[in-house]
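# Observations on the model geometry
Chain by chain, the residues run as shown.
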Amino acid sequence: MERIAPKPPMITNRMRIRNVSPGQLTDRLTRLDNLLELSSMGVPDVDSRAWQLDIAGLVNRPTSITFEELKRFPKRSLESVFVCSGDPRRPTIPLRRVANVKWGGVDLAELLDHAGVRPEATHLWSYGLDYGRFFDTPQDHYVKDMPLSRLKDGNVLIAYELNEHPLTQQNGFPARLVIPGFYGTNCVKWLCRLELRERRATDFMTTRLYRDPDFEVDPTGQTTKPIWAVAPESIFVAPKPETRIKRNATEIWGWAWSCSAVRSVEVSTDGGESWTESSLEPPHELSWQRFSHVWLPPRSGSFDLRCRAIDLSGRVQPNNSTRNAIHSVRVIVED
Ligand SMILES: Nc1nc2c(c(=O)[nH]1)N[C@H]1C(S)=C(S)[C@@H](COP(=O)(O)O)O[C@H]1N2
Ligand SMILES: [Mo]
C-alpha cells in the first residue's frame, strides 16, 4: 500500500502502550488519566489547520473536508465502552484494556450521504496519518476496514472530542473513527481518508494481524476472521487482586459489556464451582453496565472470585484461551 496523504512529523515513532488495571476503573466515565493508549507506530504531530479528510473510492462525489467544515456538521455525542482487543500476535490472551468514555463528533452516515455511496460498495477502508514499522514490517499508514452493514446500527462517528475536550494528540487529534460495538483497533486515529470499496482491505494490519480463528467455520482454527464485534466480557473493579478483607458482608462489583447489551452477570466465589446471578443495572446507551453482589465470606482463607457476562444473544464468557476469558481475582479473608 502506498502513501496517500502527506506525512506529518512523528512526535515519537515508538509503539506506545498504556495499560490500565481493572481495579483503577472505579468511575463510570473513565478520566483521561485512566485511559488506555495504543499507538502502534508512535504518535504523529498533526496540524488541524492543514488536516483534511478525503472520502474516495465508490462514491458519486469524491470529497475533501477540512477540520472547520467537519465541525460545521451537526454534532453528536455518545457514551460508549471502548475495548482494546489486546496484542495482535497473542489474540488468546486477555489484557482487559477497557474504558467507558463520551465521544463527540459527526455521524459517519451523514458524511457518507454527502459523498453519495455507490450501491456496489460493501466495505469502508480507513487510513490513519501515522506510519513507520509495525512488528518489523514497514507501513505507510495505519489501515482498518469495516463492513458497511455495520452502518445500519448507526452511531458510527468521526469523533473530534473525548469527554467534552478536543481529542488529545495520543488519542487521535484532530479526528478519529469511533465504531461502538467493534474493538478499539478498528477506531482509526489521526484519520485522513475513507475509501468505499467492494472488498476487504488486504494489507498487513487487516489480513495478517488482528484476526481470530473462526472455529464455527473450521474446527482446526486455520481459517480466521477479522476482529470486529466485541465479545461479552466482565471485570471486577473491587476487590482488587490479593486484597485482604474482613469476614463481613462485602460488595464485589465491576463492569460488563458486549457488542449488544449484557443480559446477566454471574459471580462465583469458589473458583467457578458454583455461580450466582449478580444484580446488574439495565443497559444505558452503549456504555458498560455495573454489576454487584454482596458476599458474606463463609470462612477465613483464600478465595478465587470470578465473574462471567452473558449477552442478549446468549453468548457466555469462556473460561480461558480467548481475549474475553473470565476474570478471576484472589482475595484473602481474615477473621
Ligand atoms: N491510526 C491509528 N489508529 C489506531 C491505532 C494506531 O496505532 N494507529 N491503534 C488502535 C488500537 S489497537 C486501539 S486499542 C485504539 C486505542 O485508542 P487510544 O490510544 O485512543 O486509547 O486505537 C486504535 N486506532
Ligand atoms: Mo488495541
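Residues numbered from 1 in each chain as written. Chains lettered and ligands numbered in written order. Predicted model: local features only at pLDDT ≥ 70, side-chain atom pairs only at ≥ 80, totals over all residues. Heavy atoms only, no water.

### Side note on the overall build of the protein
Under the convention used in this document: Secondary structure elements are defined from DSSP: runs of H or I of at least 4 residues count as helices, runs of E of at least 2 residues count as strands, and each element is numbered from the N terminus. Note on exposure labels: buried denotes an accessible area under 20% of the residue type's maximum, exposed denotes more than 50%, and partly exposed covers the range between, all computed with a 1.4 Å probe on protein chains only. Whether two residues touch is decided by their heavy atoms; if any such pair falls within 4.5 Å, the residues are in contact. Here the positive residues are Lys and Arg and the negative ones are Asp and Glu; neither His nor the chain ends is included. By convention, the point assigned to a charge is CZ for Arg, NZ for Lys, CD for Glu and CG for Asp.
Each helix and strand counted, the protein has three helices and 27 strands in total. Counting only C-alpha atoms and orienting by the principal axes, one finds that the protein spans roughly 70 × 45 × 35 Å. Out of the 335 residues belonging to the protein, those deemed buried represent 54%. Restricting to contacts in the protein with at least 6 residues of sequence separation, those with at least 24 account for 72%. For the protein, the centre of its 44 positive side-chain charges and the centre of its 42 negative side-chain charges are spaced 3 Å apart.

### Concerning the pattern of salt bridges
So the rule is basically this: Here, a salt bridge means any side-chain nitrogen of Lys or Arg that lies within 4 Å of a carboxyl oxygen of Asp or Glu.
Applying the stated rule across the entire model yields 24 salt bridges. The partner of Glu-120 in a salt bridge is Arg-118, with the nearest N and O atoms 3.4 Å apart. With a relative accessible area of 39%, Glu-120 lands in the partly exposed category. The exposure class of Arg-118 is partly exposed, given its relative accessible area of 31%. Among the ionic pairs, Arg-306 bridges to Asp-304, the shortest N-O distance being 2.7 Å. Under the relative-accessibility criterion, Asp-304 is labelled partly exposed at 23%.

### Description of the sheet that holds strand 19 (residues 233-238)
The strands that make up a sheet pair up through hydrogen bonds in the backbone, lying either parallel or antiparallel. Quick reminder of the rule: If DSSP finds at least two bridges between two strands, the strands pair.
Spatially, the four strands line up as an open sheet ordered 19-21-25-24, and their pairing is antiparallel. Only two strands of the sheet have a single partner each, and these edge strands are strand 19 and strand 24 (279-280). Relative to strand 25 (residues 289-295), strand 21 (residues 250-257) is paired through seven bridges, and the arrangement is antiparallel. Opposite Gly-254, over in strand 25, you have Phe-291 as the bridge partner.

### Focus: the environment of Leu-58
Checked against the element boundaries, Leu-58 lands in the loop between strand 5 (52-57) and strand 6 (63-66). Aside from chain neighbours lying at most four places away, what touches Leu-58 is Gly-116, Val-117, Arg-118, Glu-120, Ala-121, Leu-196, Arg-197 and Glu-198.

### Let's talk about the domain arrangement of the protein
To be explicit about the condition: Each domain's extent is set by a domain assignment, obtained either automatically or from a database. Summed over both partners, buried area is the accessible surface (1.4 Å probe) that two parts give up on being assembled. Counting of polar contacts relies on pairs of N or O atoms within 3.5 Å, with two restrictions inside protein: one atom must be capable of donating a hydrogen and the other of accepting it, and residues adjacent in sequence are counted only when both atoms are side-chain atoms.
Parsing the protein into structural domains produces domain 1 (10-226) and domain 2 (233-334). Each of domain 1 and domain 2 was reduced to a C-alpha centroid, and the two centroids are 29 Å apart. Each partner contributes to the interface: domain 1 provides 26 residues, whereas domain 2 provides 21 residues. With both sides pooled, the region where domain 1 packs onto domain 2 buries about 2,000 Å², and carbon together with sulfur makes up 57% of that total. It is Arg-28, Glu-79 and Arg-96 in domain 1 that bury the most area against domain 2; as a group they hold 27% of the surface buried on that side. Applying the counting criterion to the domain 1 and domain 2 interface returns two salt bridges. Taken together, the connections running from domain 1 to domain 2 amount to eleven residue pairs in polar contact (both at pLDDT 80 or more).

### Quick look at the sheet that holds strand 9 (residues 123-128)
Counted only if it meets this: For helices, the fitted axis covers only the stretch in contact; all axes are lines through C-alpha atoms, and the angles between them, taken along N-to-C directions, range from 0 to 180 degrees.
Strand order in the open sheet formed by five strands is 6-5-16-9-12, with mixed pairing between adjacent strands. Each end of this open sheet is capped by a strand with a single partner; those strands are strand 6 and strand 12 (143-147). Ignoring strand direction, the axes of neighbouring strands in this sheet form an average angle of 20°. Packing against the sheet, helix 2 (residues 108-115) makes contact with strand 5, strand 6, strand 9, strand 12 and strand 16 (191-197), and its axis sits at approximately 60° to strand 5.

### Points about the pairing of strand 16
Across the seven residues that make up strand 16, a large majority, six, are buried. Here strand 9 runs beside strand 16; their pairing, made up of six bridges, is antiparallel. Residue His-123 lies in a different strand from strand 16, and its bridge partner there is Arg-197.

### Description of helix 2
We apply this condition: In this context, the arc is that of the directions from the helix axis out to the C-beta atoms.
Along helix 2, the residues classified as buried are Leu-108, Leu-111, Leu-112 and Ala-115. Buried residues of helix 2 fall within an arc of 95° about the axis and therefore sit on the same side. Its side-chain oxygen placed 3.1 Å from the backbone nitrogen of Ala-109, Asp-107 serves as the N-cap of helix 2. Of the residues flanking the end of helix 2, it is Gly-116, one or two places downstream, whose phi is positive at about 75°.

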